[in-house]
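One letter stands for each residue in the lines below.
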Amino acid sequence: MTPDMQRCATEIRNCWKECDAALRNGDTDGANDAFGRVFEVVDTYPAVLDEDVRALRFLCTLTWVKVAAALEIAGQHESAGEARHQVFTLLDELLGPEASTVAASWTSLEFLKGLESEESADLVGRLYLLCSKAGRRDTILWGRCFMEFDQKVHGDSAPPMVN
């Protein structure tokens, strides 16, 4: 991952944190603004390398996971369902034809190196749960990704946990 991509990922994680803070304070407009900034960051990032493009797509997917969770908590179940559909559409685009095969669990996650953080580990855990509930074939892949992210963030100090 390029240094520019690492800065972009950090900026996106900061937007996620701002969203969480806004939601804790009951500020839905602030949360919407934070979500909007994520997509502005993505739209303005000059991704040149294929792995940066894949990383950006994955960060967008995680943002939609966050949107779906926020909508679900707010009781907006229909909108949350639309956000989950967006997650699955983005995953299918990210993985391409691999998404429909059993071997998707062995797909390389190399393009995600450097994206590990407390926030992304939580969102990947939520992604795993969404895929599991939907019966998707790539569920194992996202479970493995969650374990790798959690291991990188927490080491052996605590059992894996999704908030």
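Our subject in this report is the structure included herewith. (Residues numbered from 1 in each chain as written. Predicted model: local features only at pLDDT ≥ 70, side-chain atom pairs only at ≥ 80, totals over all residues. Heavy atoms only, no water.)

To continue, consider the overall build of the protein. The helix and strand tally for the protein stands at 6 helices and 0 strands. Secondary structure elements in the protein, listed N-terminal to C-terminal, are α-α-α-α-α-α. Counting all 163 residues of the protein, 44% fall into the buried class. A fraction of 70% describes how many contacts in the protein between residues 6 or more apart in sequence connect residues 24 or more apart. Of the roughly 8700 Å² of accessible surface on the protein, a fraction of 52% belongs to carbon and sulfur atoms. (Helix = DSSP H or I, 4+ residues; strand = E, 2+ residues; numbered from the N terminus. Buried < 20%, exposed > 50% of the residue type's maximum accessible area, 1.4 Å probe, protein only. Contact = heavy atoms within 4.5 Å. Areas by Shrake-Rupley, 256 points an atom, 1.4 Å probe, with all protein chains shown as cover.)

We now examine the pattern of salt bridges. Side chains carrying opposite charge are able to pair once their charged atoms draw close together. Summed over all chains, the structure comprises 9 salt bridges. Close ionic contact of Arg-126 with Asp-122 constitutes a salt bridge, the shortest N to O distance being 3.1 Å. Note that Arg-126 and Asp-122 are positioned in helix H5 (residues 118-134) at a spacing of 4 residues, about one turn of the helix. For Asp-122, a relative accessible area of 13% puts it in the buried group. One salt bridge connects Asp-138 with Arg-136, and the closest N-O pair in it is separated by 2.9 Å. Here the two residues Asp-138 and Arg-136 agree in accessibility, since each one is buried. Linked through salt bridges whose partners overlap, the residues forming this network are Asp-92, Arg-136 and Asp-138. (Salt bridge = Lys/Arg side-chain N within 4 Å of Asp/Glu carboxyl O.)

A few words now on a negative patch on the surface. Side chains of Asp-27, Asp-29, Asp-33, Glu-40 and Asp-43 sit close together on the surface and give a patch of like negative charge. Relative to the helices and strands, Asp-33 is located in helix H2 (residues 28-44). The class for Asp-33 is partly exposed, based on a relative accessible area of 49%. (Patch = residues over 30% accessible without salt bridge, like charges linked within 9 Å, V, L, I, M, F, W, Y side chains within 5 Å. Lys, Arg positive; Asp, Glu negative; His and termini not counted. Charge placed at Lys NZ, Arg CZ, Asp CG, Glu CD.)

Moving on to helix H6 (residues 139-154). Along an α-helix, residues three or four apart share an orientation, since each turn contains 3.6 residues. For H6, with 16 residues, the first-to-last C-alpha span of 22 Å sits near the 22 Å given by 1.5 Å per residue. On its buried face, H6 sits against helix H3 (50-73), helix H4 (77-95) and H5. (Expected span 1.5 Å × (residues − 1).)

This part takes up the environment of Ser-79. Inspection of the secondary structure puts Ser-79 in helix H4. Looking at Ser-79, the relative accessible area reads 31%, which means it is partly exposed. Residues Ser-79 and Ala-68 lie 11 residues apart in sequence; the distance between their C-alpha atoms is 7.6 Å.

With that settled, consider the nonpolar core. Side chains that are nonpolar tend, in soluble globular proteins, to be buried together. Counting residues in hydrophobic clusters, the biggest one holds 38 residues, and the most contacted among them are Phe-58, Leu-112, Leu-127 and Trp-142. Elements that contribute at least two residues to this core include exactly helix H1 (3-24), H2, H3, H4, H5 and H6. Sorting elements by how many residues they give to this core places H3 first, with 7 residues. Cys-19, Ala-70, Leu-71 and Ala-83 belong to the second-largest nonpolar core, a separate cluster that totals 11 residues. (Core = buried A, V, L, I, M, F, W, Y, C linked by side-chain atoms within 4.5 Å.)

A word on the packing of aromatic side chains. Taken as a whole and judged by the stated rule, the model has 2 aromatic pairs. Relative to Trp-64, the ring of Phe-39 lies with its centre 5.7 Å away and its plane at 40°, an arrangement referred to as tilted. Taken together, the residues Phe-39 in helix H2 and Trp-64 in helix H3 connect sequence positions 25 residues apart. Relative to Trp-142, the ring of Phe-58 lies with its centre 5.3 Å away and its plane at 20°, an arrangement referred to as stacked. Taken as a pair, Phe-58 in helix H3 and Trp-142 in helix H6 lie far apart in primary sequence, 84 residues in all. Residue class for Phe-58 comes out buried when judged on its relative accessible area of 0%. Classification of Trp-142 as buried rests on a relative accessible area of 0%. The aromatic ring of Phe-111 is capped on one face by Arg-54, whose charged end is 4.0 Å from the ring centroid. (Phe/Tyr/Trp six-rings, centres within 6.5 Å; stacked < 30°, edge-to-face > 60°. Lys NZ or Arg CZ within 6 Å of the ring centre and 35° of its normal.)

Purely spatial values, then, with no claim about function.
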